[in-house]
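Working through the structure, step by step
What follows is each chain in one-letter form.
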Amino acid sequence: MKATGLEFGVDWYPEQWDEGRWRHDVERMAGYGFTCVRLMEFAWTVVEPEPGRFDFSTFDRAIGLLAEAGLEAIVGTPTATPPHWLSDRPVFRTSPTGAAHSYGTRRNLCYNAPEYREASRRVVAAIAERYGGDGRVAGFQVDNEIGHEASDRCVCAHCRREWPRWLERRYGDVGRLNDAWGAAFWNTSYASFDQVPVAAIQPSTIQNPALVLDYDRFCSDSAVAFAREQTDALRAASSPGQWITTNLFPPPLSNAIDMEALTDGMDFASWDNYPVWGDQDEPLPWQFNATAQSYVRGLRGGVPFTVMEEMSGFQGHVCLGYLPPERRVALWAVQAVARGANRVVFFRWRTAPYGQEQLCYGLVDGDDEETERLRVVAETIRRAKAELSSLASVPVESPVCVAYSKDDARVLREQYLSKGLLMRVSPTVQAGYDKEAASWYAPFATLGVGADIRSVGSLDPDAYRVVSLPLYQMADPAVVDRLGRWVEAGGSLVLGYRAGARDLLDRNVEAPLPGLFAELAGVRVPRFESLNETSAALRVGAVPGRGGVWADVIEPDGAETVAVWTDRGKFYRGSPAVTVNRVGEGRVWYVGTSPSPIAMLALYRRILKAAGLRPRFAGADVEAVERRDADGKAWRLVLNHSPRRRRAYGATLEPWGWVKLPAD
Ligand SMILES: [Zn+2]
């Protein structure tokens, strides 16, 4: 695979424009500093107008023009929107709400529909044959936003047929399933796998959480097999210089699909970065975005990733909201590079005049005038290439890590415990786990300490000084063991509330909480309260703050108190809210709530200092990321996420500005 320093591209849909405009478009793209163009990912009908009859002439000409202008193509496989000749076939998914999808939108297909899978294999094989080894094509994007728009889960007739077979492979005999799921409850003992219902959303209450969790895993395996088929076909036909990726969407943790498994076999992960979408009145906090970038980077072991869609301006399908200043949009792209991207592709070249995305504004509009957003993006490209290319291919080094558990994210989506962990983006998307994970990542980012994000399964604690582990209910004894040895040797583990509350079958543990972590944490948690959308006063050392979401009433059993509940309205006033336990050379911090940002900063500052790290607070709007260049020299990128001029790290930052400084 070719090593690129840092490159910028743009998403382009030649099939949506009169061919007479193509050359001018492409020459302008090159003139503004773009070097790659993603195309084809929604053009199935164009390349296969009838089943098995392929016509790549449109894209051959488009890719030819790109090459003439010095631009490489990124070819997307077009399997997220079916062609018209599949419109009357049984290929559409059924949402867990029972709603049936139909032709005319996207992400409306079932990964288990045989005719869809067969058609996908055929079109991907044709694309692989056509563009595999083609020097004008830099790489391939598998499908588009797999799992987005609730396409992670399906309860259609195909899934109904496949699900019992999946269960049979997992459990062997139905008695084992009954034991694992606790089928003695509510009379759900099954006599055969075929009796097990799919995890449709019920008119009242929920299915057995263990069933829902397994159904998520089944859906994940279905999507992963679908993607893997494409990856393998593209790999077999591509040259060593061509790469394969897929573009994920935010927020990804609560999605049923295991994105590590989905991107397995690919060269790097990509994602689509929309800090503001639709009717949002404010963009997501910059820390949330830093979390997402670091999560994507961690999926493939920290290799540089791509932002395949970087929003250009205003975006939405049915409603628009906050209009980000152009310099803020540019700063989001720089943030991606700071957090480990080496390729940023802007969405999209020109705004579509029609269709479901006519409110998704591109870099230029129909009048083809130079927009302010294009001007600012081009200026940012020039500066970023000059200043950041030497950093972009060097993997990010981080002394700390936030670890997540995919299974806990799945369980929390349905059984969210507290309204503080409820963030319903749509009827079937509940991103509370993502929000909480981001709030456990945010203090690292705000204190200028580089942090990775890894799944508990891929986490190597020896690579870090501090590991933060929120919402780890389903504790794996092997993970607890490994973390225990690492703490003994000097590691600092930050455990969140609910740690160790369940076993790997999602059963409540039959031991005092925090279960397997009790000895390491040196605490017992016999009582707890869900705070939902309220909060309770606490104090971290001398710093007053609030605890939200959850309140553990901690009884120290060897641990020291770090924060205490001070709320006059709570009977547990005076009890610890946060503790620390010395274990060997290391420490285990137990955090029995979701502290408010100020309390969280005070706590993390203490944790980091105790671990020998140097937290630096330069303002709530200031992000600082340390990176090394190809020669090993250390730099600090400082970003000002505010509309005001700031002084930080000895430098003056313009509104939405950034600087690269030698790291001290
Ligand atoms: Zn299905």
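For every chain, the first residue of its written sequence is number 1, and the numbers climb from 1 along that sequence. This being a predicted model, a pLDDT of at least 70 is required before a residue's local features are given, and a value of 80 or more before pairs of side-chain atoms are given or counted; all residues contribute to the totals for chains, interfaces and linings.

**Some points on the overall build of the chain**
Helix and strand content of the chain: 16 helices and 26 strands. Exposure criterion: with C-beta atoms placed from backbone coordinates, a residue whose C-beta has 20 or more other C-beta atoms within 10 Å is buried, one with 12 or fewer is exposed, and one in between is partly exposed. With 664 residues in all, the chain has 55% of them scored as buried. The contact rule is simple: place each C-beta atom from the backbone, and if two of them lie within 7 Å, those residues are in contact. By sequence separation, contacts in the chain at least 24 residues apart represent 73% of the contacts at least 6 residues apart. What counts as a helix is a DSSP run of H or I of at least four residues, what counts as a strand is a run of E of at least two, and both are numbered from the N terminus.

**A few points about the nonpolar core**
Here, a nonpolar core means buried Ala, Val, Leu, Ile, Met, Phe, Trp, Tyr and Cys residues linked by C-beta atoms lying within 7 Å of one another. Val37, Cys110, Val337, Tyr441, Leu495, Trp589 and Tyr590 are the most contacted members of the largest nonpolar core, which has 210 residues in total. Counting residues per element, this core draws most heavily on helix 7 (residues 209-237), at 11 residues. Excluding its chain neighbours within four sequence positions, the residues that come into contact with tryptophan 589 are Ser492, Leu493, Val494, Leu495, Val578, Val580 and Ile607.

**A look at the environment of arginine 217**
Within the fold, arginine 217 resides in helix 7. With 19 C-beta atoms packed within 10 Å, arginine 217 lands in the partly exposed category. Separated by 51 residues in the primary sequence, arginine 217 and tryptophan 166 have C-alpha atoms spaced 9.7 Å apart.

**Considering the environment of phenylalanine 34**
Summarising the element assignment, phenylalanine 34 is placed in the loop between helix 1 (22-31) and strand 2 (36-39). For phenylalanine 34, a count of 28 C-beta atoms within 10 Å puts it in the buried group. Spatially, the C-alpha atom of phenylalanine 34 lies 9.3 Å from that of glycine 70, the residues being 36 residues apart in sequence. If sequence neighbours within four positions are ignored, phenylalanine 34 has contacts with Phe8, Gly9, Val10, Met29 and Leu71.

**A word on the packing of helix 7 against helix 12 (residues 406-414)**
Across the interface, helix 7 lies against helix 12 with an axial gap of 10 Å and an inter-helix angle of 125 degrees. Taken together, the axis directions place helix 7 and helix 12 in an arrangement best described as oblique. Both helix 7 and helix 12 take part in a crossing whose hand is right-handed. Contacts between helix 7 and helix 12 involve Pro209, Val212, Leu213 and Asp216 on the former and, on the latter, Asp407, Arg410, Val411 and Glu414. Ten residue types, Ala, Val, Leu, Ile, Met, Phe, Trp, Tyr, Cys and Pro, are classed as nonpolar, four, Asp, Glu, Lys and Arg, as charged, and the remainder, Gly among them, as polar. Here the residues of the contact of helix 7 with helix 12 are counted per class, giving 4 nonpolar, no polar and 4 charged. Angular values range over 0 to 180 degrees, each being the angle between N-to-C directions of two axes fitted as lines to C-alpha atoms, with helices fitted over their stretch in contact. Angle categories are assigned with fixed cut-offs, so that under 35 degrees is roughly parallel, over 145 is roughly antiparallel, 65 to 115 is roughly perpendicular, and the rest are oblique. In this scheme, a crossing is called left-handed if the near helix is turned counterclockwise away from the far one by less than a right angle; it is called right-handed if the turn is clockwise.

**Thoughts on the sheet that holds strand 3 (residues 72-76)**
Strand order in the open sheet formed by 9 strands is 5-4-3-2-1-9-8-7-6, and the pairing between neighbours is parallel. In the strand order of this sheet, the two ends are held by strand 5 (243-245) and strand 6 (247-248), each with one partner. Being paired, for any two strands, means DSSP has found at least two bridges between them.

**Overview of the pairing of strand 2**
Residue alternation in strand 2 divides its side chains into two sets, Cys36 and Arg38 and Val37 and Leu39, and both sets are buried. Two strands pair when backbone bridges link them, and strand 1 (residues 7-11) and strand 2 are joined in this way by 3 bridges, in the parallel orientation. Along strand 2, the bridge assignment pairs aspartate 11 with arginine 38. Taken together, strand 1, helix 1 and strand 2 form a β-α-β motif whose crossover is right-handed. Sheet analysis places strand 2 next to strand 3, joined by 4 bridges and oriented parallel. Paired with leucine 39 across the two strands is valine 75, which belongs to strand 3. Orient the strands so they point away from the viewer, and a crossover whose first-strand-to-second-strand path over the helix runs clockwise is right-handed.

Nothing here speaks to function; it is geometry throughout.
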